[in-house]
Amino acid sequence: MAFTCKKIIFNPVFKNTVKQFFFVERLVKHQFHGQLQADHGKTTLTAAITKVLSERELAKAKEYSDIDNAPEEKARGHADYIKNMITGTAQMDGAILVVAATDGTMPQTREHLILAKQIGIEYIVVFINKVDAADEEMIELVEMEIRDLMNEMGYNGAKVPVIKGSALCALDGRGTVVTGRLERGKIKRGTECELIGFNKVIKSTITGIEMFHQTLDEAHAGDQMGALLRGLKREDVKRGMVLCKPGSMKAHDHMECQVYMLTSAEGGRKKPISNLMQAQMFCKTWDVASQLHLLKKDIAMPGEDFSVVLKLIRPMVCEKGQRFTLRDGMKTLATGVITNLLPSLHESERIALLEGRKKEKHQTAGTH
């Protein structure tokens, strides 16, 4: 998640201050915020701005520590800070007002805005920081408070640009885009979500939705889309994971199924399926190794319908009524549907599955 930096840089009101914004490490040290020790995020924001600009080859990225050790950062007292504002802003006609969504405006904010008006700073952009740590109602209240204060200080509070974001998230990365088909329901930007699969449950927030190269506010069932997930790293995601509403879906490793074994004419194999056979289960976009426990029989012949219990080596997201395919190497063995979800496997059962799979691989290797 990141603020819309491009709109700030090239807004016509900053036509005389573009160079100053390129030297953000100097400008943002003289921005107006609450009290210095309130930690509203001015240094983090400066680092985030230089990072985003460097990706556009418009500035050199500055590390947080470099900015934090700058001479301007050494003025820790409020009086010293006011002095720096007066002596350091003779050529500056634009500034960024940083306000933490978790705190809102602070007592010194009013004084800083009064001084900004007195020394002729005409244009101010408000950045509400730390929105990832505050709820929507709090963010809206902070925005209203800022606009009212701007009006009181002689600025046009209704027209002041207000950007909401998280400088820290921008530094950590905008997140990772996951793609797929929305099967049911609808999602909106800002929706909390869970990513489930491969023994992982990752909580995140959808900060962007894209479909056919267009950015959307929401997506509906049937849409083939991409979703930007806040704070998610690329290595956290694997093909086959499911994005869903928190708590709405679960991963399972033990299920009863009704299966049809393909004939050789249908692309299947001639040999029967035997009890405790290992096969790869393909469902949706995931696949996982499984063990077949035939019910009331020892073998199943091609062209036959039969009931089976599948045990998976790792839990995967699935539901009753979901369809799947069983494969053995390059051959499709059978197709089926999940008829019942059974209690999860005990750790001892999972270890036995893994050992059986290792033994099967060893035996297969020995035959070549």
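Residues numbered from 1 in each chain as written. Predicted model: local features only at pLDDT ≥ 70, side-chain atom pairs only at ≥ 80, totals over all residues. Heavy atoms only, no water.

Turning our eyes to something else, we now look at the pattern of salt bridges. Charged atoms that come close allow side chains of opposite charge to pair. The final tally for this structure, using the stated rule, is 11 salt bridges. The partner of Glu143 in a salt bridge is Arg147, with the nearest N and O atoms 3.1 Å apart. In this pair, Glu143 and Arg147 are both assigned in helix 8 (residues 136–152), four residues apart and thus about one turn of the helix distant. We note a salt bridge from Lys311 to Glu349, for which the minimum N-O separation is 3.6 Å. In this pair, Lys311 is assigned in strand 18 (residues 305–317) and Glu349 in helix 10 (residues 347–367), connecting sequence segments 38 residues apart. Each of Glu143, Arg147 and Lys164 takes part in one network of salt bridges that share partners. (Salt bridge = Lys/Arg side-chain N within 4 Å of Asp/Glu carboxyl O. Helix = DSSP H or I, 4+ residues; strand = E, 2+ residues; numbered from the N terminus.)

Turning next to the nonpolar core. The biggest cluster of nonpolar side chains holds 44 residues, and the ones touching the most others in it are Ile273, Met281, Leu310 and Phe324. If you tally residues by element for this core, the top one is strand 18, at six residues. (Core = buried A, V, L, I, M, F, W, Y, C linked by side-chain atoms within 4.5 Å. Buried < 20%, exposed > 50% of the residue type's maximum accessible area, 1.4 Å probe, protein only.)

Turning our eyes to something else, we now look at the pairing of strand 16 (residues 286–294). Counting buried positions over the nine residues of strand 16 gives eight, a clear majority of the element. Note: strand 15 (residues 278–283) against strand 16, six bridges, orientation antiparallel. The partner of Gln278 across the bridge, within strand 16, is Gln291. Hairpin remark: strand 15 followed by strand 16, antiparallel, with two residues in the connecting loop; positive phi at Lys284, about 55°. Examined bridge by bridge, strand 16 and strand 18 share five bridges and lie antiparallel to one another. Residue pairing across strands places Leu294 opposite Val308, the latter belonging to strand 18. (Pairing = 2+ DSSP bridges.)

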